[in-house]
Amino acid sequence: MKLRRWMLALAGLGVATAVAAQDLKSPSADQYVPRLGDIMSAAQARHQKLWLAGKAKNWELAAYELRQLKASLVEAALLYSGIPVGNVTTLEPSLRSVSDAIDAKDGRKFAKVLGELTEGCNACHRSMSRGFVVMKVPSDQQPFANQQFAPAARP
Ligand code: HEC
């Protein structure tokens, strides 16, 4: 009962207007659609873990985090039609380069191509009016060390 009132409140805010009354009784896992910002937050964690694993030359873990990161980006494009598919496919070459660097266990190449991949994240953010979400190659292991929080210098 509590849950239902909570969901109706959300519907009142226009968040779940498409949810039919009977759906409110039986929410199930296959109806759950993650919000884009949540998918991106997962991508942020994987981007940082990918970097840390590569830095530590744990190539098996790096390969795993790369797969997870790709899955987040694909999920974003599939679930959110407002995302131009081209914005995801332009990341494909840098995702492949990161994968090649991992296969070759090449730390130097890995560092270089991760920078390119990160620039790809920012290019999409800029093109979608989210230029204020600025990712960077992580500076350390602190949470969110792969995001720039200081405002960009004005031109
Ligand atoms: C295809 C376009 C696109 C690509 C590629 C993309 N993003 Fe995003 N990202 C977005 C959009 C759009 C938002 C804003 C979502 C919102 O407003 O709910 C966003 C938001 C974010 C946020 C903010 C989430 C929050 O709640 O604070 C982070 C962090 C983020 N992206 C990380 C990344 C990382 C890391 C990459 C690259 C590995 C990446 N993004 C690639 C489109 C993209």
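Shown above is the structure to which this text applies.
These lines cover the structure that appears in this document, whether it is placed above or below. Small disclaimer: the values here were computed from a predicted structure and weren't measured.

Before going further, it helps to examine unusual backbone geometry. Even without a glycine there, the phi angle at Lys 57 is positive, about 55°. Its location among the elements puts Lys 57 in the loop between helix 3 (36–55) and helix 4 (59–79). Overall, Lys 57 belongs to the exposed group, its relative accessible area being 51%. The phi torsion at Ser 129 lies on the positive side, around 60°, for a residue other than glycine. Here Ser 129 shows up in the loop between helix 7 (107–127) and strand 1 (134–135).

This part takes up the site of the ligand. Surrounding the ligand, one finds 19 residues, the nearest of these being Met 40, Cys 121, Cys 124, His 125 and Arg 130. The side chain of His 125 places a nitrogen or oxygen atom 2.8 Å from a nitrogen atom of the ligand. Secondary-structure elements contributing two or more residues to the shell around the ligand are helix 3, helix 4, helix 5 (85–89) and helix 7. The dominant element in the shell around the ligand, judged by the number of residues it contributes, is helix 3, at six residues. Considering only residue class, the shell around the ligand consists of 12 nonpolar, six polar and one charged.

The protein atoms that coordinate the iron atom of the ligand are Met 40 (SD) and His 125 (NE2), at distances spanning 2.0 to 2.4 Å. Coordination geometry of the iron atom of the ligand: the six donor atoms subtend angles of 87 to 179° at the metal centre, consistent with an arrangement described as octahedral. Separated by 85 residues along the polypeptide, Met 40 in helix 3 and His 125 in helix 7 bring together distant segments of the chain. Here His 125 falls in the buried class, since its relative accessible area comes to 13%.

A few words on the nonpolar core. Counting 18 residues, the largest nonpolar core has Leu 50, Val 98, Ile 102, Phe 110 and Leu 117 as its most contacted members. Mapped onto this core, the elements with two or more residues apiece are helix 3, helix 4, helix 6 (92–103) and helix 7. With five residues, the top contributor of residues to this core is helix 4. Residues in contact with Val 98, not counting those within four places in the same chain, are Leu 50, Leu 66, Phe 110, Val 113, Leu 114 and Leu 117. Judged by nonpolar contacts, the second largest core, of five residues, contains Ala 76, Ala 77, Ile 83 and Val 88.

The next point concerns the packing of aromatic side chains. Tallied over the full model, the rule gives two aromatic pairs. For the ring pair Trp 51 and Phe 110, a centre distance of 6.2 Å and an interplane angle of 15° mean the geometry is stacked. Taken together, the residues Trp 51 in helix 3 and Phe 110 in helix 7 connect sequence positions 59 residues apart. Ring geometry for Trp 59 against Phe 110: centres 5.7 Å apart, planes inclined by 75°, an arrangement best described as edge-to-face. In this pair, Trp 59 is assigned in helix 4 and Phe 110 in helix 7, connecting sequence segments 51 residues apart. As far as burial versus exposure is concerned, Trp 59 and Phe 110 are alike and both buried.

Time to look at the environment of Thr 118. Here Thr 118 is to be found in helix 7. Take Thr 118: its relative accessible area is 3%, and that puts it in the buried class. It is 9.2 Å that separates the C-alpha atoms of Thr 118 and Asn 146, two residues lying 28 residues apart in sequence. Once residues within four sequence positions are removed from consideration, Thr 118 is found in contact with His 47, Met 135, Lys 136 and Val 137.

The rules behind these values
Residues numbered from 1 in each chain as written. Predicted model: local features only at pLDDT ≥ 70, side-chain atom pairs only at ≥ 80, totals over all residues. Heavy atoms only, no water. Helix = DSSP H or I, 4+ residues; strand = E, 2+ residues; numbered from the N terminus. Buried < 20%, exposed > 50% of the residue type's maximum accessible area, 1.4 Å probe, protein only. Near = heavy atom within 4 Å. Polar contact = N/O pair within 3.5 Å; in protein donor to acceptor, adjacent residues only side chain to side chain. Nonpolar A, V, L, I, M, F, W, Y, C, P; charged D, E, K, R; others polar. Donors = N, O, S within 2.8 Å, 3.2 Å for Na, K, Ca; no water. Tetrahedral: all angles 85-135°; square planar, octahedral: opposite > 155°, others 65-115°. Core = buried A, V, L, I, M, F, W, Y, C linked by side-chain atoms within 4.5 Å. Contact = heavy atoms within 4.5 Å. Phe/Tyr/Trp six-rings, centres within 6.5 Å; stacked < 30°, edge-to-face > 60°.

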